[in-house]
Amino acid sequence: MKLQKQLIIDIYWMKKAIKLAKFAIKQNEIPVGAVLVYKNKSIAKTYNQSIKDHDPTAHAEIIALRNGGKHFKNYRLLNTTLYVTLEPCIMCQAAIINARIYRLVYGTYDSKKKILILIIKLIYLVEFCKMNVKKY
């Protein structure tokens, strides 16, 4: 029963994030929406604004975290849940961890990330091999 209630809450907030992503499309932005929630109340809601702001860090998640920090007057956003329409990128994942977000709920996987992870693994493998090459 508790899980079912949480699912209803998650769907409610994800729908809000999806509306923000749709608004982002109208603004000629990358369609990602985010809602930061504390005690079932919206603390911050936003969408990607990288194009408008000429800022590669103006992702929905980052803006939501910044607004959440202002709301709490603290960089730690303890006991909050972040709802995002798309799986966060590596930059946003690090910011979410640093902000101490309690829960992350995202709508879909980012297919581009699989390629990025593969590239990182390949770079690691090449560097690892270089370190283990013995020069005679």
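Everything below is about the structure shown above.
Residues numbered from 1 in each chain as written. Predicted model: local features only at pLDDT ≥ 70, side-chain atom pairs only at ≥ 80, totals over all residues. Heavy atoms only, no water.

Enquirer: Which parts of the structure should I look at to understand the overall build of the protein chain?
Expert: On a plain count of helices and strands, the protein chain comes out with 5 helices and 4 strands. Going from the N terminus to the C terminus, the protein chain shows its helices and strands as α-β-β-α-α-β-α-β-α. In the protein chain, which comprises 136 residues, the proportion classed as buried is 35%. Carbon and sulfur atoms form 63% of the exposed surface of the protein chain, whose accessible area is close to 9,700 Å². (Helix = DSSP H or I, 4+ residues; strand = E, 2+ residues; numbered from the N terminus. Buried < 20%, exposed > 50% of the residue type's maximum accessible area, 1.4 Å probe, protein only. Areas by Shrake-Rupley, 256 points an atom, 1.4 Å probe, with all protein chains shown as cover.)

Enquirer: Would you explain helix α1 (residues 2-26) in this entry?
Expert: An α-helix turns once every 3.6 residues. As a result, residues three or four positions apart point the same way. Here α1 is 25 residues long and its end C-alpha atoms lie 37 Å apart, about the 36 Å a rise of 1.5 Å per residue gives. Taken together, the buried positions of α1 are Asp10, Trp13, Met14, Ala17, Leu20, Ala21 and Ala24. Along its buried surface, α1 packs onto β1 (33-38), β2 (41-47), β3 (80-86) and β4 (103-108). (Expected span 1.5 Å × (residues − 1). Contact = heavy atoms within 4.5 Å.)

Enquirer: Just checking my understanding: could you explain the sheet that holds β1 for this structure?
Expert: One key point about sheets: their strands pair by backbone hydrogen bonds, in either a parallel or an antiparallel sense. Strands sit in the order β2-β1-β3-β4 across an open sheet of 4 strands; the sheet is mixed. In this open sheet, the two strands that pair with only one neighbour each are β2 and β4. Adjacent strand axes in the sheet meet at a mean angle of 15 degrees, parallel and antiparallel pairs treated alike. Bridge analysis of β1 against β3 gives 5 bridges, and the strand direction is antiparallel. Directly across from Val37, in β3, lies its bridge partner Thr81. (Pairing = 2+ DSSP bridges. Axes fitted to C-alpha atoms, helices over the stretch in contact; angles between N-to-C directions.)

Enquirer: How do you make sense of the pattern of salt bridges when you look at a structure like this?
Expert: Opposite charge on two side chains allows them to pair when their charged atoms are near. In this structure the tally under the stated criterion is 2 salt bridges. The shortest N-O distance in the salt bridge between Arg103 and Asp10 comes to 2.9 Å. Residue Arg103 is located in strand β4, and its partner Asp10 is located in helix α1; the two are separated by 93 residues in the primary sequence. Asp10 sits in the buried class, given a relative accessible area of 12%. The closest approach of N and O atoms between Lys52 and Asp53, which form a salt bridge, is 3.0 Å. Overall, the relative accessible area of 47% leaves Lys52 in the partly exposed class. (Salt bridge = Lys/Arg side-chain N within 4 Å of Asp/Glu carboxyl O.)

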